[in-house]
Amino acid sequence: MLGYGSAKAAAHHYLQSSGSTSVEENDTTAVGILPLMIDTPANRAMLGGDDEGDGGGSDDRYSKMVKPIHIAKEISAWITQPHLRPPSGSLVKVIAKNRKDGSGGADFHLVR
């Protein structure tokens, strides 16, 4: 975990440090998206079990996973409506709002 934590901290630092210069030099925006876990087949397989839980409804591991479509829709909104876009160099935390019926979405919160 030491290597993982170091790499994660380095990536965050690099993004935050180069964010303002990317706008000035290249007219680009660099934003770090920080989901807890993305809902992919590989991540579901890693968690094991099923998304129905133990029958008692106490297993909410899958409800905390962010669906890729929700991230894509937010990025699309940032592209089409630049006033919604976080400043370059920002870190944005993504929190799933999934419900049992599959509806919901995701909340995006500026961390830095």
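Please read all numbers here as calculations on a predicted model, not as lab measurements.

1. Some remarks on the pattern of salt bridges
According to the stated counting rule, one finds three salt bridges in the structure shown. A salt bridge links Arg44 to Asp39; its shortest N-O distance comes to 2.6 Å. A salt bridge links Lys67 to Asp39; its shortest N-O distance comes to 3.3 Å. On the criterion of sequence distance, the pair formed by Lys67 in the loop between helix 2 (41-47) and helix 3 (68-80) and Asp39 in the loop between strand 1 (31-35) and helix 2 is long-range, its members being 28 residues apart.

2. A word on the sheet that holds strand 2 (residues 90-96)
The sheet built from three strands is open, its strands ordered 1-2-3 with mixed pairing. Strand pairing shows two members of the sheet lacking a second neighbour, strand 1 and strand 3 (106-110), which therefore form its edges. Shown here is a sheet whose adjacent strand axes are inclined to one another by a mean of 25°, direction ignored. Of the strands in this sheet, strand 1 and strand 2 are in contact with helix 1 (residues 2-26), which crosses strand 2 at around 125°.

3. Considering the nonpolar core
Ranked by size, the top nonpolar core spans eight residues in total: Val66, Ile71, Trp78, Val92, Val94, Ala96, Ala106 and Phe108. Breaking this core down by element, the ones donating at least two residues are helix 3, strand 2 and strand 3. Per element, the largest residue contribution to this core is three residues, and it comes from strand 2. Among all residues touching Ala96, those that are not within four sequence positions of it are Ser63, Lys64, Met65, Val66, Gly105 and Ala106.

4. Considerations on unusual backbone geometry
Outside of glycine, negative phi angles account for most residues, and trans bonds account for most peptide bonds. Phi is positive for Asp27, close to 55°, though the residue is something other than glycine. Checked against the element boundaries, Asp27 lands in the loop between helix 1 and strand 1.

5. Digging into the confidence of the model for the protein
Per-chain confidence: the protein averages 84 in pLDDT, with 88% of residues scoring 70 or above. In this model, residues 53-58 is a region of pLDDT below 50 whose contacts with residues beyond four sequence positions or in other chains number three contacts.

6. Brief notes about the pairing of strand 2
Burial within strand 2 is extensive, with five of its seven residues counted as buried. Relative to strand 2, strand 1 is paired through five bridges, and the arrangement is parallel. Directly across from Leu34, in strand 2, lies its bridge partner Lys93. As paired strands, strand 2 and strand 3 are joined by five bridges and run antiparallel to one another. Within strand 3, the position partnered with Ile95 by the bridge is Asp107.

Thresholds applied
Residues numbered from 1 in each chain as written. Predicted model: local features only at pLDDT ≥ 70, side-chain atom pairs only at ≥ 80, totals over all residues. Heavy atoms only, no water. Salt bridge = Lys/Arg side-chain N within 4 Å of Asp/Glu carboxyl O. Helix = DSSP H or I, 4+ residues; strand = E, 2+ residues; numbered from the N terminus. Pairing = 2+ DSSP bridges. Axes fitted to C-alpha atoms, helices over the stretch in contact; angles between N-to-C directions. Contact = heavy atoms within 4.5 Å. Core = buried A, V, L, I, M, F, W, Y, C linked by side-chain atoms within 4.5 Å. Buried < 20%, exposed > 50% of the residue type's maximum accessible area, 1.4 Å probe, protein only. pLDDT = per-residue confidence, 0-100.

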